[in-house]
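Summary of structural features
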Amino acid sequence: IFVDRSNNLWVGTQLGGINLYNPNRHKFELISHLINSNFSKCKEILSIAETQNGQILFQNALEGIALFDPTERKILRWIQTGFTGNCIVPENNKDYFLVGTPEGLYRFKLAENQFEFISTKNKVKNFEGDIKSIVPIGNNQYWMAGKDGMFLYDMDKGETLNYFGIGNSNLGSENIRSLRI
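What comes next is a walk through the structure. (Residues numbered from 1 in each chain as written. Predicted model: local features only at pLDDT ≥ 70, side-chain atom pairs only at ≥ 80, totals over all residues. Heavy atoms only, no water.)

**Description of the overall build of the chain**
We apply this condition: The helix and strand labels rest on DSSP assignments: H or I over at least four residues marks a helix, E over at least two residues marks a strand, and numbering proceeds from the N terminus. Put simply, the radius of gyration uses C-alpha atoms, and a globule should come to 2.2 Å times the residue count raised to 0.38. Note on classification: 1.4 Å probe, protein chains only; a residue is buried when its accessible area is under 20% of the maximum for its type, exposed when over 50%, partly exposed between these limits.
Scanning the chain from terminus to terminus reveals zero helices and 16 strands. Over its C-alpha trace the chain gives a radius of gyration of 17 Å, about what one expects of a compact globule, namely 16 Å for 181 residues. Projected onto its principal axes, the C-alpha coordinates of the chain cover approximately 50 × 35 × 30 Å. Out of the 181 residues belonging to the chain, those deemed buried represent 45%.

Following this line, the structure appears as structure tokens:
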């Protein structure tokens, strides 16, 4: 589920593609391979984000990211990633995005269609791990969580500042699926 800057509600589904809720008509519009073969990549949606110019990025289990123009109702680009992304969030108001995956963290540069692996391993957290959720907290710092607990990462310093797992906190489980502030 994602709400864009125009207050549109986007819902990603496994089989039905992307559903766009129109608050004026109280109805969903289906953007899916089920109604249009041009939307063949609109299935198994895992996460949704918005670019600075209002276009929509969606990630799916087909190891890719689509750039969708909501005004023209078409996919502008399909970017093959080679990995399944769990979540995608804009990084620091640029057209860079942080992508959480089962293998760790990537930075996606939209204009260049480039992915860069970012290691979150250091003396505070001595392993790479699954990232299911990313939440920005300001100053280019992000809480990240997944099956191995949660940690605070500073993008400017390029380091993990704090890590919480069962062994060093009162977390009931290290398998964290979602974070919200």
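**Here we look at the environment of isoleucine 45**
Counted only if it meets this: Whether two residues are in contact is decided by their heavy atoms: any pair within 4.5 Å suffices.
Relative to the helices and strands, isoleucine 45 is located in strand β5 (residues 45–50). You can call isoleucine 45 buried: its relative accessible area is 9%. With residues near it in sequence (within four places) discarded, isoleucine 45 still touches Gly12, Thr13, Gly17, Ile18, Phe58, Gln59 and Asn60.

**A word on the layout of surface pockets**
Picture a little ball the size of a water molecule; that probe, rolled over the atoms, points out where space is still empty. Here is the rule we go by: Computed over the protein atoms alone on a 1 Å grid, cavities are sets of points where a 1.4 Å probe fits but cannot get out and pockets are open sets with protein on both sides within 12 Å along at least five of seven lines; a residue lines them when it has an atom within 4 Å of a point. Grid points are joined across faces, edges and corners, and a volume is the space filled by probe spheres set on the points. Charged residues are taken to be Asp, Glu, Lys and Arg, nonpolar residues to be Ala, Val, Leu, Ile, Met, Phe, Trp, Tyr, Cys and Pro, and polar residues to be all remaining types, Gly included.
Empty space within the largest pocket amounts to approximately 820 Å³. If you trace the largest pocket, you find 37 residues lining it, with Phe2, Ile48, Ile88, Val89 and Ile134 closest to the centre. Where the lining of the largest pocket is concerned, the elements lending two or more residues are β1 (2–3), β5, β9 (87–90), β13 (133–138) and β14 (141–146). In terms of residue count, the dominant contributor to the lining of the largest pocket is β5 (six residues). Here the lining of the largest pocket is composed, by residue class, of 17 nonpolar, 13 polar and seven charged. Its boundaries defined by the atoms lining it, the second largest pocket holds a volume of some 230 Å³. Among the secondary structure elements, those contributing two or more residues to the lining of the second largest pocket are β3 (18–22) and β4 (27–31). Per-class residue counts for the lining of the second largest pocket are four nonpolar, four polar and six charged.

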